[in-house]
Amino acid sequence: MRTEAEAGEFVNVRLPIFLEQGFSCLEREVVAERVCCLCGTCAAFCEKIKINEESRNELKPEFVEEYDTVCGLCYAFCPRTFLPFSELERRIFGVARASEAREASEAREASAEPLGVYRSCYAVRSKKEKGDLEGRVQDGGAVTSLLAYALEEGVLDSAVVTAADEQWRPQTRVARSYEDLKAAAGTKYTIYPSVLGVKEAFEEGCESVGFVGLPCQIQGLRKVQTSEQPYEVGKEKIKLLVGLFCMENFSAGLLEFVSARLEKEGLDLAGVKKFDIKGKELLISGGASGGVHKIALDEIKEYESEGCSVCTDYTAELADISVGSVGSEEGWSTVLARTELGEEVVKGALEKGFVEVKEVEEKGLGLVRRLAVRKKRSGSGGKAGAGI
Ligand SMILES: Cc1cc2nc3c(=O)[nH]c(=O)nc-3n(C[C@H](O)[C@H](O)[C@H](O)COP(=O)(O)OP(=O)(O)OC[C@H]3O[C@@H](n4cnc5c(N)ncnc54)[C@H](O)[C@@H]3O)c2cc1C
Ligand code: SF4
Ligand code: SF4
Ligand code: SF4
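Residues numbered from 1 in each chain as written. Chains lettered and ligands numbered in written order. Predicted model: local features only at pLDDT ≥ 70, side-chain atom pairs only at ≥ 80, totals over all residues.

## A short note on the pairing of strand β5 (residues 170–175)
Next, step 1: Relative to β5, strand β4 (residues 158–164) is paired through 6 bridges, and the arrangement is antiparallel. Paired with T162 across the bridge in β5 is T172.
Next, step 2: Counted between consecutive antiparallel strands, the loop separating β4 from β5 contains 5 residues, among which W168 sits at a positive phi close to 65°. (Pairing = 2+ DSSP bridges. Helix = DSSP H or I, 4+ residues; strand = E, 2+ residues; numbered from the N terminus.)

## Describing the sheet that holds strand β8 (residues 272–278)
Next, step 1: Pairing is antiparallel in the open sheet, where 3 strands are placed in the order β8-β9-β10. The sheet is open, and its two edges are formed by β8 and β10 (292–296), each paired on a single side. Going from strand to strand, the sheet's axes swing by 20° on average, the running direction of each strand aside.
Next, step 2: Taken together, the 5 bridges between strand β9 (residues 281–286) and β10 define a ladder with antiparallel strand orientation. Counted as the bridge partner of E281 is A296 from β10. (Axes fitted to C-alpha atoms, helices over the stretch in contact; angles between N-to-C directions.)

## Some thoughts on the environment of A163
Next, step 1: Inspection of the secondary structure assignment puts A163 in strand β4.
Next, step 2: When the 18 C-beta atoms within 10 Å are taken as the criterion, A163 is described as partly exposed.
Next, step 3: Distance in space between the C-alpha atoms of A163 and D180 is 9.3 Å, their sequence separation being 17 residues.
Next, step 4: Leaving out residues up to four positions away in the same chain, A163 has contacts with Q171, R173, A183 and A184. (Buried ≥ 20, exposed ≤ 12 C-beta atoms within 10 Å, placed from the backbone. Contact = placed C-beta atoms within 7 Å.)

## What about the pairing of strand β7 (residues 238–244)?
Next, step 1: Judged by how many residues are buried, β7 sits mostly within the fold: 7 of 7 residues are covered.
Next, step 2: Summarising the sheet, strand β6 (residues 209–213) and β7 pair through 5 bridges and their orientation is parallel. Within β7, the residue paired with F211 across the bridge is L241.
Next, step 3: With helix α11 (residues 215–226) bridging β6 and the parallel β7, this β-α-β connection has right-handed handedness.
Next, step 4: As judged from the 3 bridges shared by β7 and strand β11 (residues 321–324), these two strands associate in the parallel manner. For G243, the partnering residue across the bridge sits in β11 and is S322. (Right-handed = clockwise from strand over helix to strand, strands pointing away.)

Taken by themselves, the reported measurements are silent on function.
Dropping the structure here:
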């Protein structure tokens, strides 16, 4: 398996037109190599692959039929088999990547930037009068509000979101209303195959599907959208991809660890209002005391998901809109509008009063860039430079 950074260097690699690599290749190159990020893309687009609770914990999507017809889709769609970033960027944004940009003077230099290609950048927060988001959203509520706008204006008929049960176990939901979006607000730091929610949306007859998820999940869906193959997979129904910044994610063991910690203080997960990572700590808010319980990230290192170790994408570089907390002050989200549609949604949500926006300070954006470069380096074993 090539890392994202390595794959990104093969600027002339074209996405395959039709692959005949079966599940056994995926199993050998991704699952057995322990680089599966559990995005869920393979299982979302093939009935023969399942990801149940056990396979989730072991990062092992499973082949559950007797015969593999070897259509190659799972291999082609998986973000961990090959990831020709330049080619994907060209297809999505119509611009070349850094290494080519240097050679082709007509190509936009934007792609040389560690944040990837983007058209505009804002600090965003939801407008109070457009819904009671107080205490529900993670940062500025940008994700919830932008999707609410897209649903209300008919840009989308549904949005796949990741909610949680009362023990904070993630679950995908097909949101059709502001209420559904609100119920799924907030960050869940447990790895989950959220792309499976796209399958649910298709099964429910949705025609214009939005998706919010992590950079690896966006990569999987972009491969689905851009690969040329002879099968009907419904890719034209995937309309808007909202990506979250992501430095790392954790296994389900984290929830057990936190639960045991809280128990010592007479608290439990059901009372937790919010999880957040700030600096070098996991902050857990809520519980009977209403206080904030802190756990050093060093203490939960063993729960970092193995598949994240080769990840080089901090800001969801292939999304239509990317959103994170870093870069903006408390209570605001940093938003990068990358595609024309992404920019239209942000501007439309502003005009219709769903959000308010202000400039992201250069200092804040500089921090996002530094973290993006750090992740490119760590995910590629120290080989990647800022321009990748
Ligand atoms: C695992 C993880 C790691 C992150 N790491 C960083 C980081 O290093 N730096 C940074 O700046 N930001 C990070 N974020 C993003 C940040 O926590 C917020 O999600 C982001 O700022 C959006 O805030 P908001 O108030 O606009 O979102 P809200 O309006 O609260 O909406 C949040 C949306 O995120 C979705 N979501 C929540 N958890 C998951 C999940 N596990 N998988 C898929 N979708 C999910 C929900 O469906 C919801 O629609 C991370 C998020 C996650 C899930
Ligand atoms: S049928 Fe196609 S998508 Fe499904 S497991 Fe086989 S090769 Fe993968
Ligand atoms: S990374 Fe995603 S697509 Fe690849 S094997 Fe894992 S769950 Fe499937
Ligand atoms: S670090 Fe990368 S692989 Fe891990 S959850 Fe985040 S985007 Fe996915």
